[in-house]
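Per-entry structural report
What follows is the residue order along each chain.
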Number of protein chains: 2
Amino acid sequence: MSRVAFIGLGVMGYPMAGHLAAAGHEVTVYNRTAVRAERWCAEHDGRRAETPAAAARDAELVFSCVGNDDDLRAVVTGPDGALEGLAPGSVYVDHTTSSAAVAREIAAQLDAAGVAFIDAPVSGGEVGAQNGVLTVMCGGTEHAFARARPVIDAYARACALMGAVGAGQLTKMVNQICVAGVIQGLAEGLHFGQRAGLDMEAVLEVIAKGAAQSWQMENRGETMLEGRYDFGFAVDWMRKDLGIVLDEAARNGASVPMTRLIDGYYEEIQALGGNRWDTSSLIERLRRG
Amino acid sequence: MSRVAFIGLGVMGYPMAGHLAAAGHEVTVYNRTAVRAERWCAEHDGRRAETPAAAARDAELVFSCVGNDDDLRAVVTGPDGALEGLAPGSVYVDHTTSSAAVAREIAAQLDAAGVAFIDAPVSGGEVGAQNGVLTVMCGGTEHAFARARPVIDAYARACALMGAVGAGQLTKMVNQICVAGVIQGLAEGLHFGQRAGLDMEAVLEVIAKGAAQSWQMENRGETMLEGRYDFGFAVDWMRKDLGIVLDEAARNGASVPMTRLIDGYYEEIQALGGNRWDTSSLIERLRRG
C-alpha cells in the first residue's frame, strides 16, 4: 500500500479517492471547497491538507482531477501548489481532461524537480467513477506508468499507456470526437423517426442489432426519446473538451468539420439553459428547431 | 414449403434467393440480365422466367430486391410487371430500399388486385445476405407479415413488423441516418489521432470499451486506418438512401442538418472516383482535405 494524495474532490475525484482509501492506501486529500474535503475525510477516515503543497508532502503518488488547464496549473505550479511539496522520485498522475500542451508543460516543470508526470484522462463518467470501472488513458514513461498503474487499478476497469506525455489527452480527444458524431447521428435518426410516427422503441430494438449500433444507442436511446437529460456527462464539460479538440486539430492540421459544427450545436443547447444536461440532449435542439 | 418468385438477382438478391431454394422452397427467378439468372438456376436447380409477370404467376409469395423506386415500379406495375401475373391472395415482399411513398403507391395498386404488399428493406450488407443473417424491417399488415415471415427467415437473423406499409422503409432511413453520423465521427476521430501521431490500433482498443463504441468502430476502424475501402456498402448506394432520407425529412419537417452535410461529403467521395468504395471512406476526404 502507498501514501498518496488526491487533489480535487469533484463528482469524479470524490469517488475515485474513495476507491483508493478502500483499497488500503493512506490518502491525504485537498479540495478548494474545504467542507467537501471534510465530508470526504469523515466518510473515509482520511486526512485533509490545507494546500496542494501540504497534500503532496511525503506522498509517493499524487493524483489530481480538476476542471481545466488553468485549474491544473494552479494546483501544481501555482502558489502552494503540489510542486512545492512533491519529493524527488514521486509520481504525479493527472486525471483532468486538459490540453496535451499543458500536460507537456507541467511534465517539463515536474521533471526538473525529479518528479514523473502522467496525463491520465478517464472515460466512464460519474457512474464509472462511483463503481470503480473507469477507462484510463495514460501518457508518460513506462517506468512511471508501472508505478502508478497498480494504484490506479482501484478505480479502473482498463488502464493503458498510450505513449509519451500528452498521448493520454490526445486519446481522450479521439474518444470525444467519435462520441460527438455518434450522438448527433443518433439524435437526427431518432428525431426523424419520431416525426415519421414510428414506434421508436421497436425501431431501436431492431437497428441496435446492425451497423447502426453504438454504446450511445444502447445507453441513451430511450432517454433521448423521452427527452430526459438530467444525468450523465454535462454539455458544459463536453464544450470544454471539444474546445481542446478544435485547438489541437488546428495545431496538427486535422480536418474535423462535423466536430466543429457539433460544438456550435452544444453552444445552442447552453443557450437553451442546458449547461448541465447530458450530451445526448443534442436531440432537443432538433425538436425545437 | 411454398412456391415463390424472386425478382432481382443483384449482390443481395442472388444469395437471398439461394437461401430460399436451400430452405426447400420452389423458386422461380427473374433478372434483367438473363445470364445471371441462368447462372443462378444452374447453381440452385431453379426455374427462370422471361418476365416479372411470368415469374409471379402461380407464386404464393413474390420477392424483389432491385435498385431504386423506378426499378421497383418497372418490375411491379410496368409492362410485363409482376402485377400482371400475381394471383389474388398472394403476398408481395419488396426488399429494395425505396421511398416510403413508392411503397404506399405500389401497395395501393396491389391491394386493388387482392395482393398484400410488404416493404421489407434489409440491413447487414452483402456478407449478411450470403450468410443468411440479415435484419429485415417490415411494413404491412399483421396478416401478410405472418405469412411472409417464415419464408423470410431463410435469410434473416431478425425480422420485425414496424407498422403499416412504409414503416419498414422509414425504419431503414433511421438506421442510415445513425450510420452516417457514426462513420463521420469515427472518421474525424481516427484522422485526428493519426495526425497527432498516436498508435491508433492501441487507441481503438481502449476507446472501443467505452462511450465511443460502435459497430462501425469495431468493424471498420482498422480498414479506415489502412485506407482500404474496396468492400462493403458502396457510396453510390448510400447516396441513394440519403437522398430518400432528405426527401422524407423535408416532407415530415424533421431537422437532419448533419445528414445533409454528410450526403455532400459522399458526393465529394464520388468526385474522387469512390462510387464503389465502402461508406467508411468518409475518412479519405479528410486526409486529402
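Residues numbered from 1 in each chain as written. Chains lettered and ligands numbered in written order. Predicted model: local features only at pLDDT ≥ 70, side-chain atom pairs only at ≥ 80, totals over all residues. Heavy atoms only, no water.

Some details on the overall build of chain A
- From N to C terminus, chain A includes 13 helices and nine strands.
- Taking 289 residues into account, the globule formula puts the C-alpha radius of gyration at 19 Å, and chain A, at 20 Å, falls close to it.
- The principal-axis extent of the C-alpha atoms belonging to chain A is close to 65 × 45 × 35 Å.
- Considering chain A as a whole, with its 289 residues, one finds that 59% of them fall into the buried category.
- Put simply, chain A shows about 10700 Å² of open surface, and 48% of that area lies on carbon and sulfur atoms.
- Chain A carries 25 positive and 36 negative side-chain charges, and their two centres are separated by 1 Å. (Helix = DSSP H or I, 4+ residues; strand = E, 2+ residues; numbered from the N terminus. Rg over C-alpha atoms; globule rule 2.2 N^0.38 Å. Buried < 20%, exposed > 50% of the residue type's maximum accessible area, 1.4 Å probe, protein only. Areas by Shrake-Rupley, 256 points an atom, 1.4 Å probe, with all protein chains shown as cover. Lys, Arg positive; Asp, Glu negative; His and termini not counted. Charge placed at Lys NZ, Arg CZ, Asp CG, Glu CD.)

Comments concerning the interface of chain B and chain A
- Counting residues at the interface gives 58 residues for chain B, matched by 58 residues for chain A.
- With both chains or domains summed, chain B and chain A bury close to 4600 Å², and 71% of this area falls on carbon and sulfur atoms.
- Where chain B touches chain A, the interface holds 14 residue pairs in polar contact (both at pLDDT 80 or more).
- Mapped onto the side of chain B that touches chain A, the elements with two or more residues apiece are β8 (134-139), β9 (156-163), α8 (167-195), α9 (200-207), α10 (215-226), α11 (235-252), α12 (257-271) and α13 (282-288) of chain B.
- A total of 20 residues in the side of chain B that touches chain A trace back to one element, the largest contributor, which is α8(B).
- Here the residues of the side of chain B that touches chain A are counted per class, giving 35 nonpolar, 17 polar and six charged. (Contact = heavy atoms within 4.5 Å. Buried area = accessible area lost by both parts, 1.4 Å probe. Polar contact = N/O pair within 3.5 Å; in protein donor to acceptor, adjacent residues only side chain to side chain. Nonpolar A, V, L, I, M, F, W, Y, C, P; charged D, E, K, R; others polar.)

Describing α12(B)
- Along its 15 residues, α12(B) runs 22 Å from first to last C-alpha, staying within 8% of the 21 Å computed at 1.5 Å per residue.
- Turning to α12(B), its buried residues are Met258(B), Thr259(B), Ile262(B), Asp263(B), Tyr265(B), Tyr266(B) and Ile269(B). One side of α12(B) holds all its buried residues, which, seen down the axis, span an arc of 160 degrees.
- Where α12(B) is buried, its residues contact α8 (167-195) and α12 (257-271) of chain A together with α8, α11 and α13 of chain B.
- Gly273(B) sits one or two residues past α12(B) and shows a positive phi near 90 degrees. (Expected span 1.5 Å × (residues − 1). Arc of directions from axis to C-beta.)

Some thoughts on the relation of the copies chain B and chain A
- At an RMSD of 0.0 Å, chain B and chain A line up after a rotation of 180 degrees and a shift of 0.0 Å along the axis. The superposition of one copy onto the other is thereby described by a two-fold rotation axis. (Least-squares fit on C-alpha atoms with pLDDT ≥ 70 in both.)

Section: α11(B)
- The end-to-end C-alpha distance of α11(B) is 25 Å, a good match for the 26 Å that 18 residues give at a rise of 1.5 Å each.
- What α11(B) keeps buried is the set Val235(B), Met238(B), Asp241(B), Leu242(B), Ile244(B), Val245(B), Leu246(B), Glu248(B), Ala249(B) and Asn252(B).
- Taken together, the buried residues of α11(B) touch α8 of chain A together with α5 (100-112), α8 and α12 of chain B.
- Positive backbone phi, at 70 degrees, marks Gly253(B), one or two positions downstream of α11(B).

Points about the pattern of salt bridges
- Applying the stated criterion across every chain, the model contains 32 salt bridges over all chains.
- Two residues, Arg239(A) and Asp263(A), come together in a salt bridge whose shortest N-O distance is 3.2 Å. Taken together, the positions of Arg239(A) in helix α11 (residues 235-252) and Asp263(A) in helix α12 put the pair 24 residues apart, joining distant regions of the chain.
- Asp263(A) sits in the buried class, given a relative accessible area of 10%.
- In this structure, Arg288(B) engages Glu284(B) in a salt bridge whose closest nitrogen and oxygen atoms are separated by 2.9 Å. Residue Arg288(B) and its partner Glu284(B) are both found in helix α13; the two are separated by four residues, about one turn of the helix.
- Within the structure, one salt-bridge network assembled from shared partners comprises Glu38(A), Arg48(A) and Glu50(A). (Salt bridge = Lys/Arg side-chain N within 4 Å of Asp/Glu carboxyl O.)

Section: the confidence of the model for chain A
- Per-chain confidence: chain A averages 97 in pLDDT, with 100% of residues scoring 70 or above.
- At the level of chain-chain contacts, confidence expressed as ipTM amounts to 0.96, with global pTM at 0.96. (pLDDT = per-residue confidence, 0-100.)

Things to note about the domain arrangement of chain A
Residue and element names in this part refer to chain A.
- If you check the domain split of chain A, you get domain 1 (3-163) and domain 2 (170-288).
- One C-alpha centre belongs to domain 1, the other to domain 2, and the line joining them spans 29 Å.
- On the side of domain 2, ten residues touch domain 1, which itself brings 14 residues to the contact.
- In this assembly, domain 1 packs against domain 2 so that about 940 Å² is buried in total across both faces, 63% of it on carbon and sulfur atoms.
- Where domain 1 packs against domain 2, one counts zero salt bridges.
- Between domain 1 and domain 2 we count four residue pairs in polar contact (both at pLDDT 80 or more) in total.
- Where the side of domain 1 that touches domain 2 is concerned, the elements lending two or more residues are α5 (100-112) and β7 (122-123). (Domains from an automatic or database assignment.)

Some points on the nonpolar core
- Formed by 90 residues in total, the largest nonpolar core has its most connected members in Phe192(A), Tyr266(A), Phe192(B) and Tyr266(B).
- Apart from residues lying up to four places away in sequence, Phe192(A) is in contact with Leu170(B), Met173(B), Val174(B), Ile177(B), Val245(B), Glu248(B), Ala249(B), Asn252(B), Ala254(B) and Val256(B). (Core = buried A, V, L, I, M, F, W, Y, C linked by side-chain atoms within 4.5 Å.)

Notes on the packing of aromatic side chains
- This model, assessed by the stated rule, comprises eight aromatic pairs over all chains.
- Judged by centre distance (6.1 Å) and plane angle (10 degrees), the rings of Phe6(A) and Phe63(A) are stacked. In this pair, Phe6(A) sits in strand β1 (residues 3-7) while Phe63(A) sits in strand β4 (residues 61-64), placing the two residues 57 residues apart along the sequence.
- Seen in terms of ring centroids, Tyr229(A) and Trp277(A) are 5.4 Å apart; in terms of plane orientation they differ by 40 degrees. Their pairing is tilted. In this pair, Tyr229(A) is assigned in the loop between α10 (215-226) and α11 and Trp277(A) in the loop between α12 and α13 (282-288), connecting sequence segments 48 residues apart. Comparing Tyr229(A) with Trp277(A), the two get one shared label, buried.
- Seen from the ring of Tyr265(B), Arg285(B) lies directly overhead, with NZ or CZ sitting 3.7 Å from the centre. (Phe/Tyr/Trp six-rings, centres within 6.5 Å; stacked < 30°, edge-to-face > 60°. Lys NZ or Arg CZ within 6 Å of the ring centre and 35° of its normal.)

Description of unusual backbone geometry
- If you check the backbone angles, Asp58(A) has positive phi at about 70 degrees while not being a glycine.
- As for its position among the elements, Asp58(A) is in the loop between α3 (52-56) and β4.
- The phi dihedral of Asp45(B) falls on the positive side, at around 55 degrees, and the residue is not glycine.
- Here Asp45(B) shows up in the loop between α2 (34-44) and β3 (47-48).
- Judged by relative accessible area, which is 75%, Asp45(B) ranks as exposed.

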